[in-house]
Amino acid sequence: MTRARENANISPAVGRNMIINGSMNVAARSSSVAGIGAADGYFTVDRVNFAQATNAGRLTMSQTADGPNGISANCLKLDCTTVDTSIAADEAALLQWKLEGQNLQRIGKGVAGAKQLAVSFYVKGNASATYTCELFDNDNGRCNGQTFAVTTDWTRVELIFPADEDDGSSPLDDDNAWSFSINIWIHAGATYTGGTFTNGTWANSSSANIRVGSQSSFYSSTDNNFFLTGVQMEVGPVATDFEQEEISTTIAKCQRYFERRGTDLNGWEFISDAGQLTSATSYQCAIRFNEQMRAAPTMYLTGTLSNLKIIRAAALVTITGITASDNTNGRTLLLYGTCANSGGSAGEQTRIQTITPGTWVNFDAEL
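Keep in mind it's a predicted model, so treat the numbers as computed, not measured.

Peer 1: Outline the overall build of the protein, listing residues and values.
Peer 2: Each helix and strand counted, the protein has 3 helices and 26 strands in total. Here the C-alpha radius of gyration of the protein, 23 Å, is about what a compact globule of 367 residues would show, namely 21 Å. Taken over the C-alpha atoms alone, the protein extends approximately 70 × 45 × 40 Å along its principal axes. Considering only residue pairs separated by 6 or more positions, the protein has 76% of its internal contacts joining residues 24 or more positions apart. Distance from the positive charge centre (25 side chains) to the negative charge centre (36 side chains) of the protein: 5 Å.

Peer 1: I'd like a description of the pairing of strand β16 (residues 258-262), backed by residues and values.
Peer 2: Of all 5 residues in β16, 5 are buried, a share of seventy percent or more. Of the two faces of β16, the one carrying F258, R260 and G262 and the one carrying E259 and R261 are both buried. Sheet topology note: the β16/strand β26 (residues 360-364) ladder contains 5 bridges and is antiparallel. The residue of β26 that forms the bridge with R260 is N362.

Peer 1: Residue-level account of the environment of K124, with values.
Peer 2: Relative to the helices and strands, K124 resides in strand β7 (residues 117-125). On a C-alpha basis, the gap between K124 and F226 in space is 6.1 Å, while along the polypeptide they are 102 residues apart. Excluding its chain neighbours within four sequence positions, the residues that come into contact with K124 are D66, V150, T151, T152, D153, W154, N225, F226 and F227. Here D66 takes part through its side chain, which lies 3.0 Å from a polar atom of the side chain of K124.

Peer 1: Which residues make up the environment of I322, and what are the values?
Peer 2: Position of I322 among the secondary structure elements: in the loop between β22 (315-318) and β23 (323-325). Taking relative accessible area as the criterion, I322 reaches 26% and is therefore assigned partly exposed. Considered as a pair, I322 and G337 are 15 residues apart in the sequence and their alpha carbons are 4.5 Å apart. Contact partners of I322, with chain neighbours within four places excluded, come to Y283, M299, L305, L308, L335 and Y336.

Peer 1: So, the side chain of Q215: which residues are in play, and what are the values?
Peer 2: Tracing the sequence through the fold places Q215 in the loop between β14 (209-210) and β15 (225-235). Reaching out from Q215, the side chain makes a polar contact with the backbone oxygen of W185 at a distance of 3.2 Å. Each residue touching Q215, except ones within four places of it in the same chain, is listed here: T130, Y131, T132, W185, I186 and H187.

Peer 1: An account of the packing of aromatic side chains is requested, with residue identities and associated values reported.
Peer 2: Overall, the coordinates contain 8 aromatic pairs when judged by the stated rule. Ring plane angle 45° and centroid distance 4.9 Å describe the contact between W185 and Y192, whose orientation is recorded as tilted. A residue is classified by how much of its surface remains accessible, and W185, at 2% relative accessible area, is buried. Pairwise contacts between aromatic rings join F121, Y131, F148 and F226 into one cluster. The lysine or arginine in question, R29, covers the ring of F258, its NZ or CZ lying 3.9 Å from the ring centre.

Peer 1: Could you give me a rundown of the sheet that holds β26, with the residues and numbers involved?
Peer 2: The antiparallel open sheet is built from 3 strands, whose spatial order is β16-β26-β20. Each edge of the open sheet is held by one strand with a lone partner, namely β16 and β20 (298-302). Across the sheet, the mean angle from the axis of one strand to that of its neighbour is 20°, orientation sign disregarded.

The rules behind each value
Residues numbered from 1 in each chain as written. Predicted model: local features only at pLDDT ≥ 70, side-chain atom pairs only at ≥ 80, totals over all residues. Heavy atoms only, no water. Helix = DSSP H or I, 4+ residues; strand = E, 2+ residues; numbered from the N terminus. Rg over C-alpha atoms; globule rule 2.2 N^0.38 Å. Contact = heavy atoms within 4.5 Å. Lys, Arg positive; Asp, Glu negative; His and termini not counted. Charge placed at Lys NZ, Arg CZ, Asp CG, Glu CD. Buried < 20%, exposed > 50% of the residue type's maximum accessible area, 1.4 Å probe, protein only. Pairing = 2+ DSSP bridges. Polar contact = N/O pair within 3.5 Å; in protein donor to acceptor, adjacent residues only side chain to side chain. Phe/Tyr/Trp six-rings, centres within 6.5 Å; stacked < 30°, edge-to-face > 60°. Lys NZ or Arg CZ within 6 Å of the ring centre and 35° of its normal. Axes fitted to C-alpha atoms, helices over the stretch in contact; angles between N-to-C directions.

Right, here's the structure in full:
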């Protein structure tokens, strides 16, 4: 063990991991989704984006209680359900962690004095395989990839990436937009594998400086599984022990990007704070988010609109239309729209609630 590793183990720095929910403990949307592969999206574990291009392969993604002892009880599991063995040039499938530039200024990337990065994670599969971990600078079109091996046992992958001073005047943007990502490639065509692999060095992202090395395809067999947890990115030349944090802290960090209101339990669940009728057939209510969201969120409903009600006096009134408006930069949201006429009048106090388990109002501010 190196002296740096010993020092890190003695007094680990709090907040050194720049990845949110690397323990895979929070899955607010769903614990399992089948048929993934035709579209990009955040499907199960919070902050893990699935990105793809033109492939025919499909998989089930789930949060699974099969993490390595002492690291996390949970992991992200991918299970191949449809093969794709005829790989076109532009095919791609990858897991992606998108990061805000303002959270990465400690790296000093793109300018003099830029720092090294250590990326680590725990992986296993159903058989031996090789995949690629890529760091991607979205602001400046720079990439750096390294391959890693997967076996049938949990192993920790530790990858050290050199500092990237680039031209000395191309820092990551200091804002709330997507500046940088960790990408784990599980399937790629010749567009991404046919050039000169960066292989641990920074390069401009192009067909000449390719992003993915010679690797396995996750879609080669329906026997294929991929398990991942303990994802960490930190400044420095050493991958320190995975940083543990309380679940309340992880949930709060995740809710900057996604929050949902509703319940899987029997009974009513309030969606909004108090509001009022603006007429016999219209209403408005406000929502204060648990955390300030990254940006004004997009609202969407899981379930049936008729399962949302407003309550006035002792009456439950069916909502027939709902719209969201945010002019507070992710702090609060105004919900307004139309409702059935229950004899109420403008000014009466009301709140929005669900009456059926599994009806959710979702607020998405993901990158």
